[in-house]
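Here's the letter readout for the chains.
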Amino acid sequence: MTLATSRSRSNRRNPRLSSAGQILGICVLCFGIWLFLDARQLYQSALTSPLGARRTVAVAIVHPIARVEEFLGVDRLDNAVNRVTGKTGTPGGSAIAPTVTTPTAPPIAHHGRHPAKSTIPKSSKPPGATRIAQPSPAHVLTVLDIGDSIGEDLGAGLADKLGNVPDVKLINDSVGDTGLANLGYYNWIAELPTQIAKYHPQAVVVMLGGNDGQAFQQGNTVVQFGTPLWHKIYEARVAELMAEATHAGTRAIWVGLPLVGPSADLSNSDIEAQNAVYAAAARANPAVTFVSTQRLFENSAGLYSTYLSIAGQGLVQVRDADEVHIDPPGGTDLIGSYVVKKMEQAWHIKL
Amino acid sequence: MLFPTIDFAIFFGVVFVGNWLLSRSPAKWKLFILATSYIFYAWYDWRFIFLLVASTVINAAAGQRIFQSGSQLVRRRVLTGAIVADLGLLGFFKYFDFGAATVDNLIHDVGLHSMPMPLLNITEPVGISFFTFMAISYIVDIYHRKLEPSSFADFAVYLSFFPHLLSGPIVRGSELLPQIGRSARRNPREIDFPEAAVLIFGGLFKKVVLSSYVSSAIVLPVFSSPGVHSGPEILLAAYGYAVQIYCDFSGYTDIAIGCALLLGFQFPQNFNSPYAARSIQDFWRRWHMTLSFWLRDYLYIPLGGNRGSRAFTYRNIMITMLLGGLWHGAAWTFVIWGAIHGVAQCAGHWRRDRRIVRGLPAQSNRPAAIWLQRLVTFHIVCFGWIFFDAPTLNNAFTMVNRLLTTWGDPAPLVRFPVIFVIVFALSMQFIPKQWIASAKEVFARMTVVAKAATLAATLLMITTLGPPGVAPFIYYKF
């Protein structure tokens, strides 16, 4: 008996054992089947990545398969499961819809599921265009917070500060991985009016831009980050978002990006440039107040620091290990308090 | 490069092919695995490679020196020097800023206004806690003559082997080095594919579906803002975190063990239904077993273990658990977590000793008593998790306070789907092992196409039920 025969017989005796070649074949077939069945979600994931060769290849491979999947109706299973599980397809990694923080009402349930009973009287209308009334039982102040994952950090800080303030309802609707560069992934300019129509806020707080340091597609052209054309288009999008935030008579606070650490994926010069765009657009819209957080996270040397010395608390960790995000609770407390103070100053109210 | 990504799937596909094509040429195989492991590590940050190289060189050289020296004094000095170097690197990267901030706050709290302590804003290299402990186990085992030093190439492969590099399991030299030495004898026709498939796909399901859902549905909202959540929500969040960290960490290790198996290597088991534990001591025989046994063999026993008075034993337990807590992270919350486990273990020892003195078995084995022991142990563990995951001590104390005082408040996050997932995940601890063995046998007997279809369906279920995007594994930050 040869060794090969002996081994072959061994494998026949023990079906648990497979050869590397067989395993490779099974895995290739497995991925092929999965690719076909899940092409639509893979296509959406490919759209989230920054423009470049990787994205181009991924989209080129997956898009045609996704179209075939759609043509054959295979994606209906995926849609059905999303409906059953209550997933909105909201990008950014969260299956959870906006959370509402109010001391008097429970949080609103998820998008697409059974919405909780709204505490806003059906007859209420947004107040006048520029004035925000002092919050009271007759004038509950509804604040809608939107943005990217740094916006989520701000939202956590605002929730801590406003959660126990009477007559203030905060709706956190930030979505990670979003921004104004890749509107194909998540279009804030289109989404915001929907949220405003749904929640009737008197004020909108915006904090995004961390994911915008990338090229974007304008028609068939790739507009590289940092070029004059990129700035022109980005400025227009920022102005458009501000216009959407305020056209229903709402006031808006646009919170600028904080400086980031040396190991961060972003650069401080890019952040400064983006903040300049936001500040300029806010100056052009009287209903918008720009709040700079650049100095908020500087240490005494004017540099980025993960820890800051805060009066009464000593050294507190304020930034995440990635040197971009804001660490709870030290950092979120800091920015939450700061933005609430700015809201009071801008709108002449006491929170 | 995270495990549950297309990038890793492509990377692993390449490594799998190269691993088996080169398996008969040990020198080429070692070079290939070393290169791919370093590429894997550099994917996070290329600068970390230098740290891994430094650790490899220091410990390989120390191992050789310790083995070759006939002088006990020299052997001890080299061992001490190498351990100091290993822990020095770990301490610098992981604990410097924490230490500086702590000292600064202490000085501030006693009213002394001084120059602020220098903070270096050091980026912590991923996996440093794991490969440092592996390196220490290598040189200590050589010192105690339990292991002979391997060649530099073998040791480099051992330390950097990518399946265990980032988040364990902590594989000992005595477990992996002989396998690396025998790598040419691995049989590419004798791979336990059902075992590997169950580990990898089961791990993906735990991480991508269960852990992610529980995290976003209850854990993250409550732990980040405990002050606005009620007692029932905090209790459910504690249970939820128990599920999240188990599914996340055991999911990762299962994938790591499964990948190693596909490459022809056996890694030790790291989890064994930890929430079925009947005591905290039992919990640590089931949770992160490779760390637990490392702490036992390289810290607890050298401190004296239980070879002295009761007070001496308790001291050793507390030191081991406090340092074990600190290993997990540079924050007082981890130290408190370690202390909770230490105190619970000491209390367990005391109770067992009392029962034995009274002529009773160490633990009652009546069914009702067993379930009560499990319930109590599980709740002690969940109490500890509150401190483990809380961003600060203040948050942890707020959670405990609200857990005890706000049971009448609304609890909108306590919903049936979350409860169902938590109960489902916990009940997986009690699935009879025979069922899993049977499932593997059924899978093993399927045709190639049926196997591929089954795995594809599993993958589709995972990606459909899981959230878009991939959150990092919890333990990779340790």
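Residues numbered from 1 in each chain as written. Chains lettered and ligands numbered in written order. Predicted model: local features only at pLDDT ≥ 70, side-chain atom pairs only at ≥ 80, totals over all residues.

### Notes on the overall build of chain A
We count it as follows: Helix and strand assignments come from DSSP, with helices taken as H or I runs of at least 4 residues and strands as E runs of at least 2, each series counted from the N terminus. For the exposure call, what matters is how many other C-beta atoms sit within 10 Å of a residue's own: 20 or more marks it buried, 12 or fewer exposed, and in between partly exposed, using C-beta atoms placed from the backbone. Here, residues touch in the contact sense if the C-beta positions derived from the backbone fall within 7 Å of one another.
On a plain count of helices and strands, chain A comes out with 10 helices and 11 strands. Across the 351 residues that make up chain A, the buried fraction comes to 42%. Long-range pairs, those at least 24 residues apart, make up 70% of the contacts in chain A with a sequence separation of at least 6.

### Some points on the overall build of chain B
Filter applied, for reference: Note that the radius of gyration is over C-alpha atoms, with the globule rule given as 2.2 Å times the number of residues to the power 0.38.
Scanning chain B from terminus to terminus reveals 19 helices and 1 strand. Scaling as 2.2 N^0.38, a compact globule of 478 residues should have a C-alpha radius of gyration of about 23 Å, and chain B matches this with 23 Å. Counting only C-alpha atoms, chain B reaches 70 × 60 × 55 Å along its principal axes. Looking at chain B as a whole, 46% of its 478 residues qualify as buried. Across chain B, every contact between residues at least 6 apart in sequence was considered, and the portion connecting residues at least 24 apart equals 75%.

### A few points about the packing of helix 2 (residues 20–37) of chain A against helix 19 (residues 448–465) of chain B
Between two packed helices, what matters for the description is the angle formed by their axes and the separation of those axes. Using the following cut-off: Orientation is described by axes fitted as lines to C-alpha atoms, over the contacting stretch for helices, and by angles from 0 to 180 degrees between their N-to-C directions. We call two directions roughly parallel when the angle between them is under 35 degrees, roughly antiparallel when it is over 145, roughly perpendicular when it lies between 65 and 115, and oblique otherwise. Each crossing gets its hand from how the near helix is turned against the far one by less than a right angle, where anticlockwise is left-handed and clockwise is right-handed.
At a minimum axis separation of 8 Å, helix 2 of chain A and helix 19 of chain B run at an interaxial angle of 45°. For the element pair helix 2 of chain A / helix 19 of chain B, the angle class is oblique. The two elements helix 2 of chain A and helix 19 of chain B meet at a crossing, and its hand is right-handed. For the pair helix 2 of chain A and helix 19 of chain B, the contacting residues are Gln22, Gly25, Ile26, Leu29, Cys30, Ile33, Trp34 and Leu37 of chain A in the first and Val448, Val449, Lys451, Ala452, Ala453, Leu455, Ala456, Leu459 and Leu460 of chain B in the second.

### A word on the nonpolar core
Worth spelling out the cut-off: Think of a nonpolar core as buried Ala, Val, Leu, Ile, Met, Phe, Trp, Tyr and Cys residues, each tied to the set through C-beta atoms within 7 Å.
Counting residues in hydrophobic clusters, the biggest one holds 199 residues, and the most contacted among them are Val205, Val206, Trp254 and Val339 of chain A together with Ile139 and Ala242 of chain B. A per-element tally of this core places helix 10 (residues 231–262) of chain B first, with 21 residues. The residues contacting Val205 of chain A, other than those within four sequence positions of it, are Val143, Asp145, Leu158, Ile253, Val255 and Val339 of chain A.

### Let's talk about unusual backbone geometry
Cis geometry is adopted by the peptide bond preceding Pro169 of chain B, which originates at Gly168 of chain B and carries an omega value of 5°. As for its position among the elements, Pro169 of chain B is in the loop between helix 7 (162–165) and helix 8 (173–181). With a phi angle near 70°, Asp177 of chain A is a residue other than glycine that sits in the positive phi range. One non-glycine residue, His348 of chain A, lies in the positive phi region at around 55°. Structurally, the position occupied by His348 of chain A is in the segment after helix 10 (330–347). On the basis of neighbour counts, which here come to 10 C-beta atoms within 10 Å, the residue His348 of chain A falls in the exposed class.

### Quick notes on helix 12 (residues 289–303) of chain B
All names here are of chain B. Quick reminder of the rule: One less than the number of residues in a helix, times 1.5 Å, gives the span that helix is expected to have. Here the bend at a residue is taken as the angle between two axes, fitted respectively to the seven residues that end there and the seven that start there.
Its 15 residues place the ends of helix 12 20 Å apart at the C-alpha level, agreeing with the 21 Å of an ideal helix rising 1.5 Å per residue. Of all bends in helix 12, the biggest is about 35°, found at Arg296. What helix 12 keeps buried is the set Thr290, Leu291, Ser292, Trp294, Leu295 and Tyr300. Of the surrounding secondary structure, the elements contacted by the buried residues of helix 12 are helix 5 (128–143) and helix 13 (310–328). Positive phi shows up at Gly304, right after helix 12, with a value of about 125°.

### Digging into the pairing of strand 4 (residues 168–172) of chain A
All names here are of chain A. Rule in force here: The pairing criterion for strands is at least two bridges between them, as found by DSSP. Seen with its strands pointing away from the viewer, a crossover is right-handed when the path leading from the first strand over the helix to the second is clockwise.
Counted residue by residue, strand 4 has 5 buried out of 5 residues, so it is predominantly covered. Pairing geometry for strand 3 (residues 141–147) and strand 4, over 5 bridges, is parallel. Within the sheet, the bridge partner assigned to Thr142 lies in strand 4 and is Lys169. Read from strand 3 through helix 6 (residues 149–162) to strand 4, the crossover connection turns out right-handed.

### Overview of the domain arrangement of chain B
Residues and elements named next belong to chain B. Note the cut-off: An automatic or database domain assignment supplies the residue ranges for each domain. Just so you know the grouping, Ala, Val, Leu, Ile, Met, Phe, Trp, Tyr, Cys and Pro go in nonpolar, Asp, Glu, Lys and Arg go in charged, and all remaining residues, Gly too, go in polar.
Segmentation of chain B into domains returns domain 1 (6–185) and domain 2 (193–465). Spacing between the C-alpha centres of domain 1 and domain 2 amounts to 26 Å. Residue-level contacts link 21 residues of domain 1 with 19 residues of domain 2. Of all elements in the fold, only helix 1 (6–21), helix 4 (72–109), helix 5, helix 7 and helix 8 reach the threshold of two or more residues within the side of domain 1 that touches domain 2. For the side of domain 1 that touches domain 2, the leading source of residues is helix 5, giving 5 residues. Among the residues forming the side of domain 1 that touches domain 2, the class breakdown is 12 nonpolar, 7 polar and 2 charged.

### Observations concerning the environment of Cys382 of chain B
Residues and elements named next belong to chain B. On the secondary structure map, Cys382 appears in helix 15 (residues 367–389). With 305 residues separating them in the primary sequence, Cys382 and Arg77 have C-alpha atoms 42 Å apart. Beyond its immediate chain neighbours, meaning those up to four positions away, Cys382 contacts Ala238, Tyr239 and Ala242.

### Structural notes on the confidence of the model for chain A
Low pLDDT marks stretches whose predicted atomic positions should not be read closely. Residue and element names in this part refer to chain A. For the record, the criterion: Along the chain, pLDDT gives the predictor's confidence residue by residue, from 0 to 100.
Scored by pLDDT, chain A comes out at a mean of 79, with 81% of its residues at no less than 70. For the stretch residues 1–7, pLDDT sits under 50, and the model shows 2 contacts to residues farther than four places along the chain or on other chains. Every residue in residues 88–98 is under pLDDT 50, and counting partners more than four places away or in other chains gives 38 contacts.

### Quick look at helix 7 (residues 188–199) of chain A
Residues and elements named next belong to chain A. Stated precisely, the cut-off is as follows: The arc refers to the directions leading from the helix axis to the C-beta atoms.
Relative to the 16 Å expected for 12 residues at 1.5 Å per residue, helix 7 spans 16 Å between its end C-alpha atoms, a close match to the ideal helical length. Looking only at helix 7, the buried set comprises Trp188, Leu192 and Ile196. Buried residues in helix 7, looked at end-on, bunch into an arc of 70°, giving them a common side. Exposed and oriented more than 90 degrees from the buried face of helix 7 are Ala190, Thr194 and Ala197. Positive phi appears at His200, one or two residues downstream of helix 7, with a value of about 50°.

### Observations concerning the pairing of strand 8 (residues 251–255) of chain A
All names here are of chain A. A large share of strand 8 lies buried, amounting to 5 of its 5 residues. The side-chain alternation of strand 8 yields two buried faces, one formed by Arg251, Ile253 and Val255 and the other by Ala252 and Trp254. When strand 5 (residues 203–207) meets strand 8, the two strands line up parallel, connected through 4 bridges. When the sheet's bridge partners are listed, Val204 is paired in strand 8 with Ala252. Handedness of the crossover joining strand 8 and strand 9 (residues 288–291) through helix 9 (residues 268–284): right-handed.

### Concerning the environment of Leu257 of chain A
Residues and elements named next belong to chain A. On the secondary structure map, Leu257 appears in the loop between strand 8 and helix 9. Given 24 C-beta atoms within a 10 Å radius, Leu257 is considered buried. Spatially, the C-alpha atom of Leu257 lies 7.1 Å from that of Gly209, the residues being 48 residues apart in sequence. Apart from residues no more than four positions distant in its own chain, Leu257 is found in contact with Ile150, Gly209, Gly210, Ile271, Gln274 and Asn275.

### Focus on the packing of helix 2 (residues 26–42) of chain B against helix 6 (residues 152–160) of chain B
Residue and element names in this part refer to chain B. Interhelical geometry of helix 2 versus helix 6 gives an angle of 35° and a closest axis separation of 9 Å. Two packed elements cross with a definite hand, and for helix 2 against helix 6 that hand is left-handed. The residues of helix 6 that touch helix 2, namely those facing Lys30, Ile33, Leu34, Ser37, Tyr38 and Tyr41, are Ala153, Ala156, Val157 and Ser160. Considered class by class, the residues forming the contact of helix 2 with helix 6 number 7 nonpolar, 2 polar and 1 charged.

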